[in-house]
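Below, each chain spelled out in residue letters.
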Amino acid sequence: MRHVVDARGSFCPGPITELIKVYRKAQPGDEIELLATDPAAKSDVRAWAQKSGNEVLSIEERGDHFAILVKVVRR
Amino acid sequence: MRAIKIAVVGGGTGGTLVANKLASELGERIRRGEVEVHLFTDRPEHYFQPANLDIAFKGADPRRFVKDERELVVRGVNLHPNAVKLIDLNNRRLTFNGSSLEFDYLVMATGSRAVPELIEGLAETSYNFHTGQEDARRTWEAVSRFERGTAVVLVNVPHKCPPSPVEAAFLLDEHLRRRGVRQNVEIVYATPYTRAYPTHSIAEVVEPLLEERGIQLVTLFNTDYVDARERKVRSLEGEEIRFDLLITVPPHRGAEVVTASGIGDEEGWIPTDKETLQIKGYDYAFAIGDATDIPISKSGVVAHLEAIVAAKNVIADIEGTGVVHCYTGRINCPLEVGEGRALFVAGTYTSPPERQEPSRLKYLMKRVFPRIYWQMVRGRFETVFDLYLGKPYTTKGGSR
């Protein structure tokens, strides 16, 4: 299942907090796509994924925002 | 002619101030019977909530930080000591205590509430210094008899007053040093953020201070559950921390009346325009303070400044000036780092908080605030705040 989290316009720590909110309800194998504008979200999500044992599949620039795709490996 | 009715729901900082500003600035119309201001509050007392830190970690007397709401409202405010049960935004009607009120304008200032029950084991194992005076007093009882072991300050999101958790860690350290037992206690500060403070520029100041005080920092710790029997807290990220004393800021949710009325998101926050403060889809209804879904800190200063903006927009609409006041996102939150020093987390929507060094002067400014708070919620000192903080709004539009 893919979850889309739109955290555009939200500044640190908004995006990572929004991601965790969805992660709490996700299952292993799910994907979470986080849309954000705050550049700090990239390093925040990488750090979180490394610590939690989940996987950042891609970070894609999309004009005025970017999309981070996370695969839920552990939950 | 039927009077224009303005309903304000919530008697905290934002609600009390917005009602007072409306009653003061529309005083002439109120006297002529053209306007009515109704303030609904579900409790008769008004608490100065930032002092909960002083009650919990310094043993301050709670009675210094509470007043009867009736003493705080100005002439022209109809105070209803009743909880609002339901709000019908489309039909402009609210119900309370078996009665109802039809309103022309609505300001929602319903705040946020701590819900420790959202996390298994949290309510029964932890001390919440953060929400109410009674909880803060219980925290003081636990802290003041704590002699040795591991004390964990655990942050859960979302919560109000962003500086308060790390302030709790600093003040706990200070208290234990004063009692001469600090060497027997390990203090752990566990936060879901990637840094010790959500804003990186402030984290750069706070983190070396935590290290200097010997407070262990654990980041990216999103609480999964608390094991009451084993006395350990486990994170979604798979980490465990054992504790002897657990001090927490629980996760927060919006007010029950928001959820019951179907006007909030899944956590009970009201979708709100971050500039005009109008509830999205309604030009006659506003939301301020903790109650909104605006991505800004939930704090007294935000409630205060948004109250000014919402009051001005209601008045402008009644008077037909066509001017719209847009909140700038100004924040200015004190952060006490112990040893009699503090800094202010200050910024706007367009200028994030910059690094500030803690100082004695800023600490003294924080200490003065409880003395002027009671006048501030009556709507006084606005000129002083404007001089110090700048006006919290820009304007657009004009005569129509």
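Residues numbered from 1 in each chain as written. Chains lettered and ligands numbered in written order. Predicted model: local features only at pLDDT ≥ 70, side-chain atom pairs only at ≥ 80, totals over all residues. Heavy atoms only, no water.

(A) Representation of the interface of chain B and chain A. Contacts between the two partners involve 19 residues from chain B, matched on the other side by 18 residues from chain A. Remark: the boundary between chain B and chain A carries three salt bridges. There are six residue pairs in polar contact (both at pLDDT 80 or more) connecting chain B and chain A. (Contact = heavy atoms within 4.5 Å. Salt bridge = Lys/Arg side-chain N within 4 Å of Asp/Glu carboxyl O. Polar contact = N/O pair within 3.5 Å; in protein donor to acceptor, adjacent residues only side chain to side chain.)

(B) Representation of the pattern of salt bridges. Summed over the entire model, instances satisfying the criterion amount to 44 salt bridges over all chains. As a salt-bridge pair, E239 of chain B and K51 of chain A come within 2.7 Å of each other at their nearest N and O atoms. Taken together, the residues span two chains, with E239 of chain B in the loop between β15 (232-235) and β16 (240-242) and K51 of chain A in helix α2 (residues 40-52). You can call K51 of chain A partly exposed: its relative accessible area is 29%. Several salt bridges share partner residues, and in doing so they unite D54, K58, E167, E336, K366 and R367 of chain B into one network. (Helix = DSSP H or I, 4+ residues; strand = E, 2+ residues; numbered from the N terminus. Buried < 20%, exposed > 50% of the residue type's maximum accessible area, 1.4 Å probe, protein only.)

(C) Local environment of the side chain of T13 of chain B. Residues and elements named next belong to chain B. Tracing the backbone through its elements, the reader meets T13 in helix α1 (residues 13-25). There is a polar contact of 2.6 Å between the side chain of T13 and the side chain of Y373. In this structure, T13 is in contact with H46, G300, A303, H304, Y373, M376 and V377, ignoring residues within four places of it in sequence.

(D) The sheet that holds strand β1 (residues 2-7) of chain A, seen in detail. Residue and element names in this part refer to chain A. The four strands lie next to each other as β1-β2-β4-β3, forming an open sheet whose pairing is mixed. Strands with a single pairing partner mark the edges of an open sheet, and in this sheet they are β1 and β3 (55-62). Strand-to-strand twist in this sheet, taken as the mean axis angle between neighbours without regard to direction, amounts to 15°. Across six bridges, strand β2 (residues 31-36) lies against strand β4 (residues 65-71) in antiparallel orientation. Looking at the pairing, L35 lines up with A67 of β4. (Pairing = 2+ DSSP bridges. Axes fitted to C-alpha atoms, helices over the stretch in contact; angles between N-to-C directions.)

(E) View of α1 of chain B. All names here are of chain B. The terminal C-alpha atoms of α1, which comprises 13 residues, lie 18 Å apart, in line with the 18 Å expected from a rise of 1.5 Å per residue. Counting buried positions over the 13 residues of α1 gives eleven, a clear majority of the element. Listed as buried for α1 are T13, G14, G15, T16, L17, V18, A19, N20, K21, L22 and A23. (Expected span 1.5 Å × (residues − 1).)

(F) A look at the packing of helix α1 (residues 14-23) of chain A against α2 of chain A. All names here are of chain A. Between α1 and α2, the least distance of the axes is 9 Å, while the angle of their chain directions is 40°. Relative to α2, the element α1 is oriented oblique. Here P15, I16, L19, I20 and Y23 of α1 come into contact with α2, specifically with A41, D44, V45 and W48. (Parallel < 35°, antiparallel > 145°, perpendicular 65-115°, else oblique.)

(G) The environment of T131 of chain B, seen in detail. All names here are of chain B. Within the fold, T131 resides in the loop between α4 (122-125) and α5 (133-144). When the C-alpha positions of T131 and G238 are compared, they lie 28 Å apart, and in sequence the two are 107 residues distant. Beyond its immediate sequence surroundings of up to four residues, T131 is in contact with Q49, N52 and A114. A polar contact of 2.9 Å, which involves the side chain of T131, links it to the side chain of N128.

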